[in-house]
Amino acid sequence: MRAFRRVSEGFACGLDDWERELLARLALEVRALLQADAPAHGDADVPAAASPLARIDPGRPGESDRDREVLAALDFEVDPPANHVHTGRSTTDPVVGILLPDASEDPVTAMEVSGLTRARLREDKSDRLARLVAELRAPSGPEGTILVVLGQEADWLGAINDLRLVLAQRLGIESAQDAGRVHDVSSQEAPESETPHEQWYRGTALVYGMVTWWQESLVSVLFGGTGPA
């Protein structure tokens, strides 16, 4: 993964094939979570291929064992019947409440406002994730790089941030201390033996660090830098 840089059309960054596929599938997973929140008569076109991430084929050119470990670690899945909620109802998956937060602490007001705004917010987030996936799977930048067209920076930052929110919720990040602990886990060498959960946690921590670095890279170049340290 290379940092974003300015180009004539906007901002571009280079990603390996496995990195593009990982990010695309993660974005599809988040989009599926959002669409699972929709009323039964809407959002019925979620592609079956969007889930789960755990079924990613690890056999891609240029992947290391560590790369495959990262891909295999993302095993949270969407179960539409369990996660399905109607507008205004509390969600069974806490991450949906983070992606689509209530507009008020008062439950009555929150339900009233939700009926007006939740569908629009869900649609906007789903659309920008879909555009991110389209670019990841068919890069349009110079020399096959990922391109953020001028004027679309906010959409990209919002989409990437939704990826981070989902990963942070799965990892239990609620404070700077939690984030530091996750960073420490991601930087450690894999132990000789670990439980399936420990392997999942370490792999997901690696992905969280990767997505965070990617977002910081775009923010940095937007403010005149060349990428995160």
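Since we're looking at a predicted model, the values are computed, not measured.

Moving on, we get to the overall build of the protein chain. From N to C terminus, the protein chain includes 8 helices and 3 strands. Going from N to C terminus, the protein chain has its helices and strands arranged as β-β-α-α-α-α-α-β-α-α-α. For the protein chain, the proportion of contacts with a sequence separation of at least 24, taken over those separated by at least 6, is 71%. Working note: accessible area of the protein chain is about 11,500 Å², and carbon and sulfur atoms make up 52% of it.

Now for the pattern of salt bridges. The full count for this structure, using the stated rule, is 9 salt bridges. Here Glu194 makes a salt bridge to Arg202, at a shortest N to O gap of 2.3 Å. It is possible to trace a salt-bridge network through shared partners that takes in Glu21, Arg25 and Arg137.

Over its 19 residues, helix H6 (residues 153-171) extends 27 Å from the first C-alpha to the last, a length consistent with the 27 Å expected when each residue adds 1.5 Å. Backbone geometry just after H6 places Gly172 at a positive phi near 75°.

With that settled, the discussion passes to the sheet that holds strand S2 (residues 10-13). Strand order in the open sheet formed by 3 strands is S1-S2-S3, with antiparallel pairing between adjacent strands. At either end of the open sheet lies a strand with only one pairing partner, and these are strand S1 (5-7) and strand S3 (146-149). If you compare each strand with its neighbour and ignore which way they point, the axes differ by 35° on average. Bridge analysis of S1 against S2 gives 3 bridges, and the strand direction is antiparallel. In the sheet register, Val7 faces S2, and the bridge partner there is Gly10. Docked against the sheet, H6 engages S2 and S3, running at close to 125° with respect to S3.

Two packed helices can be described by the angle between their axes and the distance between those axes. Where helix H1 (residues 17-36) meets helix H8 (residues 196-222), the closest approach of the two axes is 12 Å, and the angle between their N-to-C directions is 95°. Taken as axis vectors, H1 and H8 run roughly perpendicular relative to one another. Of H8, the residues touching H1 (which contributes Glu19, Leu22, Leu23 and Leu26) are Val207, Met210, Val211 and Trp214. Grouping the amino acids of the contact of H1 with H8 by side-chain chemistry returns 7 nonpolar, no polar and 1 charged.

Membership of the largest hydrophobic core comes to 45 residues, with the highest contact counts inside it found for Phe4, Leu23, Leu136, Trp156, Val211 and Trp214. At the level of secondary structure, the elements contributing two or more residues to this core comprise S2, H1, helix H4 (94-99), helix H5 (107-137), S3, H6, helix H7 (176-187) and H8.

One pass over the full model with this rule turns up 3 aromatic pairs. Arranged with centres 6.0 Å apart and planes meeting at 25°, the rings of Phe4 and Trp214 form a pair that is stacked. One end of the pair, Phe4, is in the segment before S1; the other, Trp214, is in helix H8, with 210 residues separating them in the sequence. Assigned by exposure class, Phe4 and Trp214 land together as buried. Residues Trp200 and Tyr201 carry aromatic rings whose centres are separated by 6.0 Å and whose planes lie at 65° to one another, so their mutual orientation is edge-to-face.

Here we take up unusual backbone geometry. Backbone geometry places Glu143, a non-glycine residue, at a positive phi of 55°. Structurally, Glu143 can be placed in the loop between H5 and S3. Here Glu143 falls in the exposed class, since its relative accessible area comes to 80%.

This part is about the confidence of the model for the protein chain. Mean pLDDT for the protein chain: 77, with 67% of residues reaching 70 or above. Contacts from residues 75-91, a stretch scored under 50 in pLDDT, to residues over four places away or in other chains number 50 contacts.

Once that is clear, we can look at H7. In an α-helix, one full turn covers 3.6 residues, which means residues spaced three or four apart are oriented alike. For H7, which comprises 12 residues, the first-to-last C-alpha distance of 17 Å matches the rise-based estimate of 16 Å (1.5 Å per residue) to within 8%. All of the buried residues in H7 are Asp178, Val182, Val185 and Ser186. Down the axis of H7, the buried set is contained in an arc of 95°. They therefore lie on one face. Within H7, the exposed residues directed more than 90 degrees away from the buried face are Ala176, Gln177 and His183.

Attention now moves to the environment of Arg202. You can see Arg202 is positioned in helix H8. Accessibility expressed as a relative area gives 3% for Arg202, which makes it buried. The spacing of Arg202 and Leu171 is 31 residues in sequence and 9.4 Å in space, taken between C-alpha atoms.

Procedures and definitions
- Residues numbered from 1 in each chain as written.
- Predicted model: local features only at pLDDT ≥ 70, side-chain atom pairs only at ≥ 80, totals over all residues.
- Heavy atoms only, no water.
- Helix = DSSP H or I, 4+ residues; strand = E, 2+ residues; numbered from the N terminus.
- Contact = heavy atoms within 4.5 Å.
- Areas by Shrake-Rupley, 256 points an atom, 1.4 Å probe, with all protein chains shown as cover.
- Salt bridge = Lys/Arg side-chain N within 4 Å of Asp/Glu carboxyl O.
- Expected span 1.5 Å × (residues − 1).
- Pairing = 2+ DSSP bridges.
- Axes fitted to C-alpha atoms, helices over the stretch in contact; angles between N-to-C directions.
- Parallel < 35°, antiparallel > 145°, perpendicular 65-115°, else oblique.
- Nonpolar A, V, L, I, M, F, W, Y, C, P; charged D, E, K, R; others polar.
- Core = buried A, V, L, I, M, F, W, Y, C linked by side-chain atoms within 4.5 Å.
- Buried < 20%, exposed > 50% of the residue type's maximum accessible area, 1.4 Å probe, protein only.
- Phe/Tyr/Trp six-rings, centres within 6.5 Å; stacked < 30°, edge-to-face > 60°.
- pLDDT = per-residue confidence, 0-100.
- Arc of directions from axis to C-beta.

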